[in-house]
Amino acid sequence: MKRFLPVAAAGWLVCASFAGAQQPLSPSAMRAHPNINYLSGTTTDPVARLNEKLRSGSVVLRSEPTRGYLRSVLDALNVPVESQILVFSKTSFQQPRINPGNPRAIYFNDQVSVGWVRGGDVLEFAAHDPTQGTVFYTLAQPDTGPMEFRRNNVACVQCHSSEATSYVPGMFIGSVYPEKNGMPAYGPAYLTDHRTPFELRWGGWYVTGDHSSTHLGNAVVTDPNNLEAMATLETSHVRSLAGRFDPEGYLSTDSDLVALLVLEHQAYMLNLITRIGWEARVGDAAGRPLAATAAELVDYMLFVDEAPLPKRIAGSTRFADVFRSRGPRDPKGRSLRDLRLSGRLMTYPCSYLIYSPAFDALPGVAKETIYQRLWEVLSDNVPSPRYARLTMEDREAILEILRATKPGLPEYFFPVVAGS
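So, how was this worked out
Residues numbered from 1 in each chain as written. Predicted model: local features only at pLDDT ≥ 70, side-chain atom pairs only at ≥ 80, totals over all residues. Heavy atoms only, no water. Phe/Tyr/Trp six-rings, centres within 6.5 Å; stacked < 30°, edge-to-face > 60°. Helix = DSSP H or I, 4+ residues; strand = E, 2+ residues; numbered from the N terminus. Buried < 20%, exposed > 50% of the residue type's maximum accessible area, 1.4 Å probe, protein only. Contact = heavy atoms within 4.5 Å. Pairing = 2+ DSSP bridges.

1. Here we look at the packing of aromatic side chains
And step 1. Applying the stated criterion to the full structure yields 17 aromatic pairs.
And step 2. With centroids separated by 5.7 Å and ring planes inclined at 50°, the aromatic side chains of F108 and F319 adopt a geometry described as tilted. With a gap of 211 residues between them, F108 in strand β3 (residues 104-108) and F319 in helix α7 (residues 319-324) connect regions that are remote in the sequence.
And step 3. By relative accessible area, F319 is classed as buried at 3%.
And step 4. Between F319 and F323, the aromatic rings sit 5.9 Å apart at their centres with planes inclined by 25°, giving stacked as the arrangement.

2. So, the environment of V262
And step 1. The residue V262 is located in helix α5 (residues 257-282) in this model.
And step 2. When the C-alpha positions of V262 and N109 are compared, they lie 9.9 Å apart, and in sequence the two are 153 residues distant.
And step 3. Once residues lying within four places of it in the same chain are set aside, the contact partners of V262 are F108, F319, F323, L339 and Y352.

3. Some details on the pairing of strand β5 (residues 122-129)
And step 1. For β5, a buried count of eight out of eight residues is recorded, marking the element as mostly surrounded by other parts of the structure.
And step 2. Judged by which residues are buried, β5 turns out to be covered on both faces: V122, E124, A126 and H128 on one side and L123, F125, A127 and D129 on the other are all buried.
And step 3. Looking at chain direction, strand β4 (residues 112-116) and β5 are connected through four bridges and run antiparallel. Bridge pairing in β5 links V112 to A127.
And step 4. Taking the residues between adjacent antiparallel strands as the criterion, β4 and β5 are bridged by five residues, where G119 takes a positive phi near 90°.
And step 5. By the bridge criterion, eight bridges tie β5 to strand β6 (residues 133-140) in an arrangement that is antiparallel. Pairing of F125 across the sheet is with Y137, part of β6.

What follows is the structure in structure tokens.
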């Protein structure tokens, strides 16, 4: 699936016209709706909670040469160093400092992403709030401002509340054709998630690991009349970034392939969770039946349109092990965080973000609509060939794992025992 990066937000996404539906709210009107109140509503995301600890003095951030508060912040937010990925295209608000010799480092867990640019005045944060969606913050580096996380609603929300994010504040991953200085060349640019063909991903990113295919990472444009020529077997297969940039200040010189795959799935999944929560809270003003949004979310949650992955994938760090270790397991030792990394991303194709605080905080009507659709698909009650890729083995395993690990499942998820 090719999803092109939008030039600008065009309005709230409506996939079809529905008789009697009112004109849907624009993204800015949705953010300002009294049931959302994005700009001034109370936030309880991980960065907001850390901010309170800084103010109370219960947490103190410590600075290091070159990287400033980076390591201390990652520790405080429980973000693993192994999640580091590196982007060298000039595609963020600190773009004047970013280039192939000074890539931007991104670290993440299930709820927060942290961006660091060597020489930058601030650290960047995108934290997923259970009700508000993604909230953007900056933290001034030592000697450049107060030790306080400040919301960044101007530079970030303009780009991060558009078609790329389903018109709610969120994250997205892009793939471009970068020139030697990191500036995207004139030409196509792609939104990437687990539905994107492997060969179109990661233009403008460093990628380290092992696989059996090609992609756009690690390369710069060599011929402006033939952008695709930049991708070669040599650029696609990189296990070490030694010599590509000065490593001073970086916590690692890896940009782990598996971490990139996980973040691509995660970014859009969180956006879909935010969107259905907001639609439920504003009601008819959303201009779209909740069942349509739930069906889209469930399809993505179950990796129905996942693009085939190479048969051999391995990261360059311990990220895969760290990721696997963070999920609940059923009595058979299975988890929705088990990675297959051969042909597809997950062993059991159902998003681990069903355990996220944002999913748990969804309004009851949104959660029930999702569960109804999820049950229909997993119990094979949706007569559509698009679900044929979900084998009965997959469906049964997912149901068994959810029954054992997900509190609050509706009763219809559980088999009726004879005589009970």
